[in-house]
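Per-entry structural report
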Amino acid sequence: TVSQNNDGTQKAFSDLYPNPTTSIVKLDIETDTEEELTLQVYDILGNLVASEKHLVVVGTSTIDANLENLNNGMYFVRVVNKNSESLFTQSVVKQ
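The notes below deal with the structure included here. Every chain's residues receive numbers from 1 upward, in the order its sequence appears when written. It should be noted that, the model being predicted, local features are given only for residues of pLDDT at least 70 and side-chain atom pairs only at 80 or more, the latter also being counted only at that level, while totals for whole chains, interfaces and linings use all residues. Excluded from the side-chain calculation are hydrogens and water; included are all heavy atoms of the structure.

Moving on: the sheet that holds strand S5 (residues 48-56). The strand order across the open sheet built from four strands is S5-S4-S7-S8, with neighbouring strands paired in antiparallel fashion. Looking at which strands have only one partner, the edges of the open sheet turn out to be S5 and strand S8 (86-94). Going from strand to strand, the sheet's axes swing by 20° on average, the running direction of each strand aside. Strands are treated as partners if at least two bridges between them are detected by DSSP. Elements are defined by DSSP. Helices are runs of H or I of four residues or more, strands are runs of E of two residues or more, and each kind is numbered from the N terminus. The axes used here are C-alpha line fits, helices contributing only the stretch in contact, and every angle between their N-to-C directions lies in the interval 0 to 180 degrees.

The structure is reproduced here in structure tokens:
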């Protein structure tokens, strides 16, 4: 998935992996600028259950989300920038 911010910067996102997962899920982000992004995890009802800030650097960065303490089920992972613009959303199954 490729995302373009309002400021003209671009980011390319891999799919979440592994999916399904039992604990850690990873996301590769390729970007042309260093930026702090927030990875958010929502349950199926739309409740925010986890939020972590990650610094991504020019090139490819891998960010992790630890779902180990969450109940089994479907979750939505969203990445937002400092302006709360949604850059990426994908579902993940926790087993």
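Alright, that's what it looks like, and here's the rest.
Below, the discussion takes up the pairing of S8. In the sheet, strand S7 (residues 73-80) pairs with S8 via eight bridges, with the strands oriented antiparallel. Counterpart to valine 77 in the pairing with S8 is glutamine 90. Taking the residues that link successive antiparallel strands as the turn, the S7-S8 hairpin has five residues, and the phi of serine 84 there is positive, at about 65°.

Right, let's get into the packing of aromatic side chains. Side-chain rings of Phe, Tyr and Trp, where Trp is taken by its six-membered ring, are said to pair if the distance between their centres is within 6.5 Å; with planes under 30 degrees apart they count as stacked, over 60 as edge-to-face, and otherwise as tilted. On inspection of all chains with the given rule, the structure shows one aromatic pair. Both rings, one in phenylalanine 13 and one in phenylalanine 88, keep their centres 5.2 Å apart while their planes meet at 25°; by these two values the pair is stacked. Here the residue phenylalanine 13 occupies a position in strand S2 (residues 10-13), and phenylalanine 88 occupies one in strand S8, the gap between them amounting to 75 residues.

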